[in-house]
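# Commentary on secondary and tertiary structure
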Amino acid sequence: MNPNERLSLITRNLEEVVTLDELKAKLETGSQLKGYIGFEPSGLFHIGWLIWAQKMKDLIGAGIKMNLLEATWHAWINDKLGGDLQLIKDAGKYAVDVLETFGVDISKVDVVDAETLVNDKDYWKLVIKISKNTSLARMKRAMTIMGRKSEEAEIDTSKLIYPAMQVADIYYMDLDIALGGTDQRKAHMLARDLSEKMGTKKVISLHTPLLVGLQGGERMTVSGDEEDYMASIKMSKSKPENAIFINDSPDAVESKIMAAYCPRGIVENNPILQINKFIIFPRFNSLKIEREQKYGGDIELTKYEELQMLFVEGKLHPMDLKKATARKLNEIIEPMRQRLNSRTDLQDIVNRITKNITR
C-alpha cells in the first residue's frame, strides 16, 4: 500500500483523528508505526466491540504493529466482575479468542496483560510522574473513561489511579497510535498534553464511534458534555436487554433486532443503521433487502450511503431493514458462536461471567 491507501484504510469509519496531519506525516516516513488498544475484560463480548475489532483489522492491514492490552488491573480497579482478578484474566483470554475468530490476525499482534506492566517499577514511576503533573480536578474529569462520573472518585482512592495508569500504558509501550472509542478521548488528550513534560512522543489518537444501545437515544437538547452523553447511551454489557452478545442464539439476535429503536426516516442514534454502517458493510460491502414485489421487491445495496438515503426518503421500511440486518448480523456472529459452543473451556468462562453478573 502507498501512504494514501494506508491512510484511507486507517481512517475509514472513525469518529475522529487527533491529528490527521500528524498521521499523514508519520505514514509518509515509511517507518514501522506502533499502535495499541486496551480493553477491560469485564463481561461478555457484545457487538459494540466489533467496531474497534474491525478497526484493529484495518490497522494491521495498513501495516501498523498493534498491541492489544488486556487491562486486567484496570478492570479490577473499576470493580468489574466483582473484583475477581482471576475471572477478569480468564475473561481477557476469552475476548482474545473471540477477536481471533472474528478475523483479527493475532499472530501479528502483541497481546499484553497489564500484569506485565505493573510488575515493573518503571511503570509505576510513570504513573506517579503523570499524577504529579495532573491536577486532581482533571484526573477526576478523566474518570469518564471508566464509564464513571467524576463524583464517583469518592468510592475509593484507587479510582483516581486509573486515568494515570491508562496514560502510563501509552508511554510505557512507546506508542505512535492509540486506538479507542470516543469515550477514551480524555485519557488520550491527557497523554498528548503531558507528552512534552514527560519527554515522550505525542501519540496520535484514533477514536471509533460508540454503538448506541438497542433502545437508541434522544437528541441531546441541553448543554452538557457530548462525550459523557454518548457514553451514557452506548451499548453496554451492564444493560443486557440493550445489547447483542456474540453468544446470543440466532433467535435471540433476531428478536432483539426486531424490537430495537428504528423510527422511520430517523438516522440519529439509530442502532440498526449504525450496525449496518460500522459492522455489516465493512465486512460484506453489501446488504440484500428481501421484500414482497408489491413493496418494491428484493434490492441489493452495495454502499451504506445508498441504504441511508433510501431509509431517509421513506423508501425502505424499518421492518424490512431489521429483517435484513438480523440475517446478516447472525452471519457475522455465527463463527464466533460456534467457536464458543465447541470449546468447554470457553463455555466455562462464559458461565462464570454470567453467574457473576447475575449475582
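Look up a bit, the structure's there.
Below is a summary of the structure that appears in this document. Quick caveat, the model's predicted, so the values are computed rather than measured. (Residues numbered from 1 in each chain as written. Predicted model: local features only at pLDDT ≥ 70, side-chain atom pairs only at ≥ 80, totals over all residues. Heavy atoms only, no water.)

As enumerated under the stated definition, the model contains 9 aromatic pairs in all. Ring plane angle 70° and centroid distance 5.7 Å describe the contact between Phe39 and Trp49, whose orientation is recorded as edge-to-face. With Phe39 in strand 2 (residues 34-39) and Trp49 in helix 3 (residues 49-61), the pair connects residues that are 10 residues apart, well separated along the chain. Taken individually, Phe39 and Trp49 each receive the classification buried, so the pair is uniform in this respect. Ring centres 5.4 Å apart and planes at 80° place the aromatic pair Tyr123 and Trp124 in the edge-to-face group. Among the aromatic residues, those joined into a ring-pair cluster are Trp73, Trp76, Tyr123, Trp124 and Tyr172. One residue, Lys57, lies across the ring of Phe102, its end atom 4.5 Å from the ring centre. It is Lys328 that lies over the ring of Phe284; its NZ or CZ is 4.4 Å from the centre. (Phe/Tyr/Trp six-rings, centres within 6.5 Å; stacked < 30°, edge-to-face > 60°. Helix = DSSP H or I, 4+ residues; strand = E, 2+ residues; numbered from the N terminus. Buried < 20%, exposed > 50% of the residue type's maximum accessible area, 1.4 Å probe, protein only. Lys NZ or Arg CZ within 6 Å of the ring centre and 35° of its normal.)

Within strand 3 (residues 65-70), 5 of the 6 residues are buried, which leaves it mostly tucked inside the rest of the structure. Examined bridge by bridge, strand 2 and strand 3 share 6 bridges and lie parallel to one another. Bridge pairing in strand 3 places Ile37 opposite Leu68. Direction of pairing for strand 3 relative to strand 4 (residues 109-113): parallel, over a ladder of 5 bridges. Bridge pairing in strand 4 places Asn67 opposite Asp110. (Pairing = 2+ DSSP bridges.)

Bringing the side chain of Asn330 into the picture now. With respect to the helices and strands, the residue Asn330 is situated in helix 15 (residues 318-342). With a relative accessible area of 13%, Asn330 lands in the buried category. Of the polar contacts made by the side chain of Asn330, one reaches the side chain of Arg337; its length is 2.7 Å. Ignoring sequence-local partners within four residues, the contact set of Asn330 consists of Ser249, Pro250, Val253, Glu254 and Arg337. (Polar contact = N/O pair within 3.5 Å; in protein donor to acceptor, adjacent residues only side chain to side chain. Contact = heavy atoms within 4.5 Å.)

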